[in-house]
Amino acid sequence: MSEKEVTPYQVGGLPVSQADLLKGLQGYQQTITDTSGFAFFKLHPKDGVFCYGAEETEIEKGSLWAMNPLSLEHGWACWHEGELIGEVMVPFMQPRPNADSLPDLGHKWVEQKKFMLKCLDGEDKGLEVVYKSTSRGFANAVKELTTALIEQIAKDEAHPVPVLTLEVDHYKHPEYGKTYVPVFGIAEWADFSGLAPAEPDPDPAEPEPEPKAEPEPKAEPAGRRRRRNA
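Time to look at the pattern of salt bridges. Per the counting criterion, the structure on display carries five salt bridges. Its salt-bridge partner being Glu 111, residue Lys 113 comes within 3.8 Å of it at the nearest N-O pair. Under the relative-accessibility criterion, Lys 113 is labelled buried at 17%.

Given below as structure tokens:
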């Protein structure tokens, strides 16, 4: 990836350097990234397919995804019969809420990790998604990723954004059999410029010229499919 100018993030209205980010990862507080309105991302544990959104669209194999280190959160989630009935999350740089402080919803609270990804190439380029899970496999993958993140910032604070390849591994679960888990391969490290929002239209009021004819709908690319819930 070509060298780009570092774009600082804003925290409390003030710019934050990569050095400040390193301090934050080692214990300082940070603002929570607003993830409302973004598609949810997940790995199906039974078939090892990464997908996103309500229609569970598969990602393009081999695509690259940038993980926003400022979006890391940890906390708790409470599920009942496949429905999320409670969630308490805080930035990664804050201590995880104590389990004793969680409200009694009549069902078990489990640990959850969360962060945001942005696709950098291919069919999903520019797509931003929220990846969160309570699975042990996801927690282990996030632990390895954050360890690499801290090591990277310590030696090259100008490039704290991991560009990931999304891979899978599997193990034999004693109850559920073959179960897939995520593996986050780091293709390279980048600055924050790849995570910046797209530039707005300089003249959004100017209408586009009318097309002469309706274009033919594009066929679904090979290897892509829409998953359907059973």
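Here the narrative resumes, following the displayed structure.
The share of residues in the chain with pLDDT of 70 or more is 69%, and the mean pLDDT across the chain is 79. Taken as a whole, residues 27–33 scores under 50 in pLDDT and shows 21 contacts with residues more than four places along the chain or in a different chain.

The next point concerns the nonpolar core. Judged by nonpolar contacts, the single largest core of 23 residues is most densely connected at Phe 41, Phe 115, Leu 117, Tyr 131 and Phe 184. At the level of elements, strand E3 (39–43), strand E4 (50–52), strand E6 (64–80), strand E8 (109–119), strand E9 (128–133), helix H2 (136–155), strand E10 (161–173) and strand E11 (177–190) are the ones that each hand at least two residues to this core. In terms of residue count, the dominant contributor to this core is H2 (six residues). Excluding its chain neighbours within four sequence positions, the residues that come into contact with Leu 117 are Phe 41, Trp 65, Ala 66, Met 67, Leu 127, Glu 128, Val 129, Tyr 131 and Leu 164. With seven residues, the next largest nonpolar core counts Val 161, Ala 190, Phe 192 and Leu 195 among its residues.

Turning to the environment of His 44, a few remarks are in order. Along the chain, His 44 turns up in the loop between E3 and E4. When the C-alpha atoms of His 44 and Glu 56 are compared, they prove to be 9.9 Å apart, with twelve residues separating the residues in sequence.

Turning our eyes to something else, we now look at the layout of surface pockets. Volume-wise, the largest pocket comes out at about 1,300 Å³. Forming the boundary of the largest pocket are 38 residues, of which Lys 132, Ser 133, Thr 134, Ser 135 and Arg 136 lie nearest the centre. Of all the secondary structure elements, the ones that give two or more residues to the lining of the largest pocket are E3, E4, E8, E9, H2, E10 and E11. Element by element, the count of residues in the lining of the largest pocket is highest for H2, at five residues. Partitioned by chemical class, the residues of the lining of the largest pocket number 19 nonpolar, eleven polar and eight charged.

Since one α-helical turn is 3.6 residues long, residues separated by three or four positions face the same way. Between the first and last C-alpha of H2 there are 29 Å, a value that for 20 residues agrees with the 28 Å anticipated at 1.5 Å per step. Those residues of H2 that sit buried are Gly 137, Phe 138, Ala 141, Val 142, Leu 145, Thr 146, Leu 149, Gln 152 and Ile 153. The buried residues of H2 occupy one face: seen down the axis, they fall within an arc of 160°. Exposed residues lying more than 90 degrees from the buried face of H2 are Arg 136, Lys 143, Glu 144, Glu 151, Ala 154 and Lys 155.

Criteria and thresholds
Residues numbered from 1 in each chain as written. Predicted model: local features only at pLDDT ≥ 70, side-chain atom pairs only at ≥ 80, totals over all residues. Heavy atoms only, no water. Salt bridge = Lys/Arg side-chain N within 4 Å of Asp/Glu carboxyl O. Buried < 20%, exposed > 50% of the residue type's maximum accessible area, 1.4 Å probe, protein only. pLDDT = per-residue confidence, 0-100. Contact = heavy atoms within 4.5 Å. Core = buried A, V, L, I, M, F, W, Y, C linked by side-chain atoms within 4.5 Å. Helix = DSSP H or I, 4+ residues; strand = E, 2+ residues; numbered from the N terminus. 1 Å grid on protein atoms, 1.4 Å probe; cavity = no way out; pocket = protein on both sides within 12 Å on 5 of 7 lines; lining within 4 Å. Points joined across faces, edges and corners; volume = space filled by probe spheres on them. Nonpolar A, V, L, I, M, F, W, Y, C, P; charged D, E, K, R; others polar. Expected span 1.5 Å × (residues − 1). Arc of directions from axis to C-beta.

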